[in-house]
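What follows is each chain in one-letter form.
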Amino acid sequence: MHTSLKHVAWTLALLLVPVAGQAQFLRTSYFMDGAGKLQLNPANLPSRGYVNVPALGMFNASAYTNSLGTQDFIDMFDAGDDFWDSPSFNKNLKDMNKASISLNTDIISFGFYRKNAFWSFNIGLRTDVEGAFPRGLFDFLRDMPGDDLTDWNNQHFQFSEQELAVNAYVEVGVGYARPIGDRLTVGGKFNFLLGAGNLNLSINNVNISSNNLYDSDDYLNPDASADINIDARAEGNVEGLDLISEDGYVDDVEYNNFGISGYGAGIDLGATYRLLDNLTLSAAVLDLGFIKWSKSSSNVIQASTNEHYDANNVGDFIDRVSGGDVIDLDLLQMQEDGEKKARTTRLPTTLVLGGEYSFFNDKLSAGILSTTRWGQVNTLSELTFSANFRPARALNLALSYSMLQTAGKSFGFGIKLGPLMVGTDYMYLGENSRSVNAYLGLSFSMGKSRKNAWGK
């Protein structure tokens, strides 16, 4: 059975997304009032307690690439298999093409004030998918020969340092924050983690070459030769996932049942400091932690081959190379390692730095926010400027401008109207956005209003 490792990754993602998801966060909401600001800093407190509507209380989705944009993906779907030949598609490719997709929703979440302290609780579902794909991979998919046998003569394809990471888990979190004196507020959140699944794939090198396979009449040359050199490894933990092998090589995967694949813990730490009456500085570190994946759910496959073909088996070479998928199991011919083992992975940690200057009794403010997120494959940084308008407790408006991930060509907005909050950091001014995200929140306030984080 012909199956690509691309299908393995998408199988994992599709299985896990309905029950798990991570997102990053809505940067535009950082200086708005409401429950969403806690996602970026556990000390960045709302004016009132809250109860979120299950699953819809805080839902985030985000995607980023450093090369291809939304219009490229639309063109890909329109063109089908021919999109590899698109001049605009190939023009936008970089030497290393990076992509990150994140999803997040809280099934249950609420927070409340008790005296001057603020408590919060959530059960959330998190998923991250990250990848790095070299230009040589796309050159291979575009230029791979077709049915004309003479096109297979003197071909050479090489790509390396390709990575794919999928991480999904359930988070059970308890947060606590309180003021210290008149200007400082500190907060922290402890998260107990239930691992749903994890995949780390590294294709260190693929080198494919052929030499004088056929003459002009499609007759096989007696001195025909070809070589395939591959170095790749994949480690995964998904309870109920079995590998199917044929002739000693992994050919397919089979998913039997959902289960917990590991356990872990993480912490969020944050602080806000009112430097001046109208100027507040803040900082946070999010997702400092790990997940230890169980030995029983472990699968390890690898390939380290240097294979030579001559006139006797050059047809096997063509069959193996011509699959045409992004990452092809028939091409890689990976074998089970045989030894199951427990392993530990870290969480994608984020550093958040913010500053806000308020006017007109806190009805209007200007803010600046810096975020840096260290994923398993990609590191993402963003610098966001925002203007915030808070005319009433039930109405908040924000307009933002993010400089880095879209090269300053987008703006964001957020609106909180009663219990409903929606927003995005990337409303692109052109037609080919490389970053997109969306936030939907449905949250009901409870308890007395606090004018600010110090309970005044």
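Keep in mind that this is a model prediction, so the values were computed, not measured.

So, on to the overall build of the protein. Within the protein, the secondary structure is distributed over six helices and 21 strands. In the protein, which comprises 456 residues, the proportion classed as buried is 51%. A separation of at least 24 residues holds for 70% of the contacts in the protein among residues at least 6 apart in sequence. Counting every atom, the protein has about 20200 Å² of accessible surface; 57% of that belongs to carbon and sulfur.

Side chains of Asp147, Asp148, Asp151, Asp217 and Asp218 sit close together on the surface and give a patch of like negative charge. By relative accessible area, which is 54% here, aspartate 217 ends up exposed.

Okay, a nonpolar patch on the surface next. A cluster of nonpolar side chains, contributed by Phe190, Phe192, Phe258, Ile260, Tyr263, Ile267, Leu269 and Leu288, occupies part of the molecular surface with about 720 Å² of accessible area. For the nonpolar patch, the elements supplying multiple residues, two or more each, are β6 (184-211) and β10 (262-274). Looking at which element gives the most residues to the nonpolar patch, the answer is β10, with three residues. A relative accessible area of 32% means that isoleucine 267 is categorised as partly exposed.

Let us now look at the nonpolar core. Counting residues in hydrophobic clusters, the biggest one holds 45 residues, and the most contacted among them are Phe140, Ile208, Ile230, Phe317 and Val321. Look past the residues within four positions of isoleucine 208 in its chain and what remains in contact with it is Phe140, Gln155, His156, Phe157, Asp227, Phe317, Val321 and Leu331. The next biggest cluster of nonpolar side chains, apart from the first, holds eight residues, and it includes Tyr30, Leu40, Ala284 and Leu369.

Aromatic ring pairs are described here by two measures, namely the spacing of the ring centres and the angle between the planes. Tallying each qualifying case throughout the model produces 12 aromatic pairs. Of the aromatic side chains, those joined through ring pairs into one cluster are Tyr50, Tyr113 and Phe118.

This structure, assessed with the given rule, holds 13 salt bridges. Residue aspartate 128 pairs with arginine 373 through a salt bridge whose shortest N-O separation is 2.9 Å. Taken together, the residues span a long stretch of sequence, with aspartate 128 in strand β4 (residues 117-134) and arginine 373 in strand β16 (residues 364-374) at a distance of 245 residues. The exposure classification of aspartate 128 matches that of arginine 373, with both residues buried. A salt bridge links arginine 233 to glutamate 235; its shortest N-O distance comes to 3.5 Å.

With 90% of its residues at a pLDDT of 70 or more, the protein shows a mean pLDDT of 84. Mean pLDDT per element in the protein: helix α1 (residues 5-16) is the minimum at 39, and β10 is the maximum at 97. Across residues 1-23, where pLDDT falls below 50, the model places 71 contacts with residues more than four positions away in sequence or in other chains.

What counts as what
- Residues numbered from 1 in each chain as written.
- Predicted model: local features only at pLDDT ≥ 70, side-chain atom pairs only at ≥ 80, totals over all residues.
- Heavy atoms only, no water.
- Helix = DSSP H or I, 4+ residues; strand = E, 2+ residues; numbered from the N terminus.
- Buried < 20%, exposed > 50% of the residue type's maximum accessible area, 1.4 Å probe, protein only.
- Contact = heavy atoms within 4.5 Å.
- Areas by Shrake-Rupley, 256 points an atom, 1.4 Å probe, with all protein chains shown as cover.
- Patch = residues over 30% accessible without salt bridge, like charges linked within 9 Å, V, L, I, M, F, W, Y side chains within 5 Å.
- Salt bridge = Lys/Arg side-chain N within 4 Å of Asp/Glu carboxyl O.
- Lys, Arg positive; Asp, Glu negative; His and termini not counted.
- Charge placed at Lys NZ, Arg CZ, Asp CG, Glu CD.
- Core = buried A, V, L, I, M, F, W, Y, C linked by side-chain atoms within 4.5 Å.
- Phe/Tyr/Trp six-rings, centres within 6.5 Å; stacked < 30°, edge-to-face > 60°.
- pLDDT = per-residue confidence, 0-100.

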